[in-house]
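# Understanding the architecture of this molecule
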Protein chains: 2
Amino acid sequence: MSPKSVAIRRLSTSSPRPVMLAIAGDSAAGKTTLTRGLVDALGDKGVISVCVDDYHRYDRVERSELPFTPLSPACNYVGIMEQHLQLLAMGEPILKPVYNHTDGTLDRPVLVEPANNMIVEGLLPLHSRLSRACFDLSVYLDPPEEIRREWKVRRDSRERGYTEEQVLADLSRREADAVAFIRPQRRWADIVVRFAPIKERGEAEHSLPSATVLLRPTAPHPDLSRILGEDTREAIHLKLIRDDDGKPVDALHVHAYATRDMTRRVEDVIWASLGIDHQLPESLGAIGPGLRSEPLAVVQLILLYHLLLARKLQGLELEVIR
Amino acid sequence: MSPKSVAIRRLSTSSPRPVMLAIAGDSAAGKTTLTRGLVDALGDKGVISVCVDDYHRYDRVERSELPFTPLSPACNYVGIMEQHLQLLAMGEPILKPVYNHTDGTLDRPVLVEPANNMIVEGLLPLHSRLSRACFDLSVYLDPPEEIRREWKVRRDSRERGYTEEQVLADLSRREADAVAFIRPQRRWADIVVRFAPIKERGEAEHSLPSATVLLRPTAPHPDLSRILGEDTREAIHLKLIRDDDGKPVDALHVHAYATRDMTRRVEDVIWASLGIDHQLPESLGAIGPGLRSEPLAVVQLILLYHLLLARKLQGLELEVIR
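This one's a predicted model, so the numbers in the text were calculated from it and none came from an experiment. (Residues numbered from 1 in each chain as written. Chains lettered and ligands numbered in written order. Predicted model: local features only at pLDDT ≥ 70, side-chain atom pairs only at ≥ 80, totals over all residues. Heavy atoms only, no water.)

### Some details on the interface of chain B and chain A
In this complex, chain B contributes 18 residues to the contact, which on the side of chain A involves 18 residues. When chain B packs against chain A, the two sides together hide about 1500 Å² of surface, and 60% of this comes from carbon and sulfur. Broken down residue by residue, the surface that chain B buries against chain A is led by Gln83(B), Leu95(B) and Arg108(B), which jointly contribute 39%. Where chain B touches chain A, the interface holds four salt bridges. Across the pair Arg108(B) and Glu62(A) runs a salt bridge, and its minimum N-O distance is 3.0 Å. (Contact = heavy atoms within 4.5 Å. Buried area = accessible area lost by both parts, 1.4 Å probe. Salt bridge = Lys/Arg side-chain N within 4 Å of Asp/Glu carboxyl O.)

### What about the relation of the copies chain B and chain A?
Between chain B and chain A, which share one sequence, the superposing operator has a rotation angle of 179° and an axial displacement of 0.0 Å; the RMSD is 0.0 Å. Taken together, the rotation and translation describe the operation of a two-fold axis. Looking at the rotation axis and the C-alpha trace of chain B, the residue lying nearest is Arg108(B), at 2.6 Å. With an isologous cut-off of 70% or more, the 100% of interface residues of chain B that recur at the interface of chain A puts this contact in the isologous class. (Least-squares fit on C-alpha atoms with pLDDT ≥ 70 in both.)

### With respect to the packing of aromatic side chains
Both the distance between ring centres and the angle between the ring planes are used here to describe each pair of aromatic rings. Residue and element names in this part refer to chain A. Per the stated rule, a full pass over the model turns up two aromatic pairs over all chains. Where Tyr58 meets Phe68, the ring centres are 6.1 Å apart and the plane angle is 25°; that geometry is what we call stacked. A residue pair is termed long-range when its members are at least 10 positions apart, and Tyr58 in the loop between strand 3 (47-51) and helix 2 (60-63) and Phe68 in the loop between helix 2 and helix 3 (78-89) qualify at 10 residues. Under the relative-accessibility criterion, Phe68 is labelled partly exposed at 24%. Across the ring face of Trp188, the terminal group of Arg132 is positioned such that the distance to the ring centre comes to 3.6 Å. Above the plane of the ring of Trp188 lies Arg187, whose end atom (NZ or CZ) is 4.2 Å from the centre. (Phe/Tyr/Trp six-rings, centres within 6.5 Å; stacked < 30°, edge-to-face > 60°. Helix = DSSP H or I, 4+ residues; strand = E, 2+ residues; numbered from the N terminus. Buried < 20%, exposed > 50% of the residue type's maximum accessible area, 1.4 Å probe, protein only. Lys NZ or Arg CZ within 6 Å of the ring centre and 35° of its normal.)

### Looking at the nonpolar core
Met20(A), Leu85(A), Met20(B) and Leu85(B) are the most contacted members of the largest nonpolar core, which totals 66 residues. Those residues in contact with Leu85(A) that sit more than four places away from it in its chain are Met20(A), Val52(A), Val120(A), Ser131(A), Cys134(A) and Phe135(A). Ile23(A), Leu252(A), Val299(A) and Tyr305(A) belong to the second largest nonpolar core, which has 49 residues in total. (Core = buried A, V, L, I, M, F, W, Y, C linked by side-chain atoms within 4.5 Å.)

### Things to note about the sheet that holds strand 8 (residues 191-196) of chain A
Residue and element names in this part refer to chain A. The strand order 3-6-2-7-8-9-11-10 describes an open sheet built from eight strands, whose pairing is mixed. Looking along the sheet, the strands with just one partner apiece sit at the ends: strand 3 and strand 10 (236-242). For this sheet, the mean angle separating the axes of adjacent strands, direction not counted, is 20°. When strand 2 (residues 19-24) meets strand 7 (residues 137-141), the two strands line up parallel, connected through four bridges. (Pairing = 2+ DSSP bridges. Axes fitted to C-alpha atoms, helices over the stretch in contact; angles between N-to-C directions.)

### Observations concerning the pattern of salt bridges
Across all of its chains, the model carries 41 salt bridges over all chains by this definition. In this structure, Arg148(A) and Glu145(A) form a salt bridge, with 2.8 Å as the shortest nitrogen-oxygen distance. A residue pair is termed a helical-turn pair when its members lie 3 or 4 positions apart in one helix, as Arg148(A) and Glu145(A) do in helix 5 (residues 145-159) at three residues. Judged by its relative accessible area of 25%, Glu145(A) falls in the partly exposed class. Notably, a salt bridge pairs Lys152(B) with Asp156(B), separated by 2.7 Å at the nearest N-O pair. Placement of both Lys152(B) and Asp156(B) in helix 5 (residues 145-159) is noted, with a separation of four residues, approximately one turn of the helix. As far as burial versus exposure is concerned, Lys152(B) and Asp156(B) are alike and both buried. Taken together, the salt bridges that share partners define one network made up of Asp142(A), Arg186(A), Arg194(A), Arg216(A), Asp243(A) and Asp244(A).

### Points about the sheet that holds strand 3 (residues 47-51) of chain B
Residue and element names in this part refer to chain B. Pairing is mixed across the open sheet formed by eight strands, whose spatial order is 3-6-2-7-8-9-11-10. Edge positions in the sheet fall to strand 3 and strand 10 (236-242), since each has one partner strand and no second. On average, adjacent strands in this sheet sit at an angle of 20° to one another, irrespective of strand direction. Bridging between strand 10 and strand 11 (residues 248-254) involves seven bridges; their strand directions are antiparallel. Paired with Leu238 across the two strands is Leu252, which belongs to strand 11.

Laid out in structure tokens, this is it:
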């Protein structure tokens, strides 16, 4: 495997501002997996990911006596999160608070200096108008609830030392706040991603998920209509549909059984539209040691396209360095 | 005792920005004592004091293996301190880091929301141009070194659990950084305050100190020349002198033996020039339970004058509430 990194060489003399990407979604919706491939593709110097779930007002002990869950804005320094996102968007450093997920304490803050690309992931990055205004592109991860619950039980029991019963009880406790604060963020995203087996096609629940990607006309997406048709028998297809709210949207479907050759066509269009003559970075689509998902790779590729496009619109030359 | 607080009622409809006062000086120079009386006079709602010695990059253990002392800018997040001072000066809240002086650890940060008046005290508030630009008025505390050493030994051995030998060794270790970074701040202050026995007058070293207050023409000080003469036999007198750098400056001397009646004259001029018909807040001059220093009271009164004047210049009505 030859990992590739896409890096940026400055052409403009004025200092470029970082490109800001938001990835919002509930706990265990897949934010970290989606982020990881982008970070690997852009390299340590080209990108920094910031988790905005660190802006907790209270530690775990204090929270246990309070009436709200970590999903509630009242439980977080939302005003400071907005301020820090504004500072990062302007290219300024921040001293970011740190929440220790292992023992639930609030630790010493860390210095975050902006990189060319900033990926801001967490529960509430799209909650307020001021924070939304900081992003070049926003993504909402929208897995079906039963899938997300499964993912959360698996992760929290394996990695965070909880029992299945504890995780399920926590999910129930959080439901009201998820309805009130997390899911409303879906409407503010430029891209809504649903990783899930597509039942209509008889995909088993435990197989690798397919992706349904809503590309809203709020962002300058690559034009895929020239190469993708509406034929749902195709492993990758694009359909013009109405969103939940009745608004028109492009729905890109990438089925789990899509092959690398099939995704290559999408890749070629995207690289060509950026003027880049290169292969897809190998890190895209990785979901574990030796395990690869073409749907994930296509989603990450579209996000990478937007990051690179935003740099290009700032007059910066793009360069794939390895 | 009837404590008085001076509070501010807004007249202007546009949001007023906080008035920012810097009190810079080396460790144990008297910053806390000077600040305390002002905080008591203005009340919890009218003023917040912030210590900028919390912007440490390293905790005590990490620092023990590093070549610089806490006085060195390299040991501090100076850029973040500047950013936070700018935010406070604009009336924005900050999430301020916290250094725990008791055990030398970096703790969870705290929310600081700006009040009408912000007193920013510490080792390095006047170190950089960007931070100096945040202040309406700046003060440098300049006690003679032998007096400061005495104060530091007394405080650190009584309150911070060090032996006299440890404090003296620490002072030696810090001397080079004090010369390089602390004392140069003297030149940027609008007011330089020296609390010390005035030897020419035979004052004993351990008596309550007198004050020498350099009022530089960089700030709109109250005009005391009409009521104070140059006669050094007077308990309070004002002399036109040359500063260390040859520049002209008003030197106000307040001797330790000045009585309350003597300071009342200065007080009357200051209140009158602000259009306030009130007595000196009782909290000014307090140096301990039942212990009062007229020189300290006069210095605090001058600082209070500047805080109130800056509010007045913003078009806000001043109101003494209790």
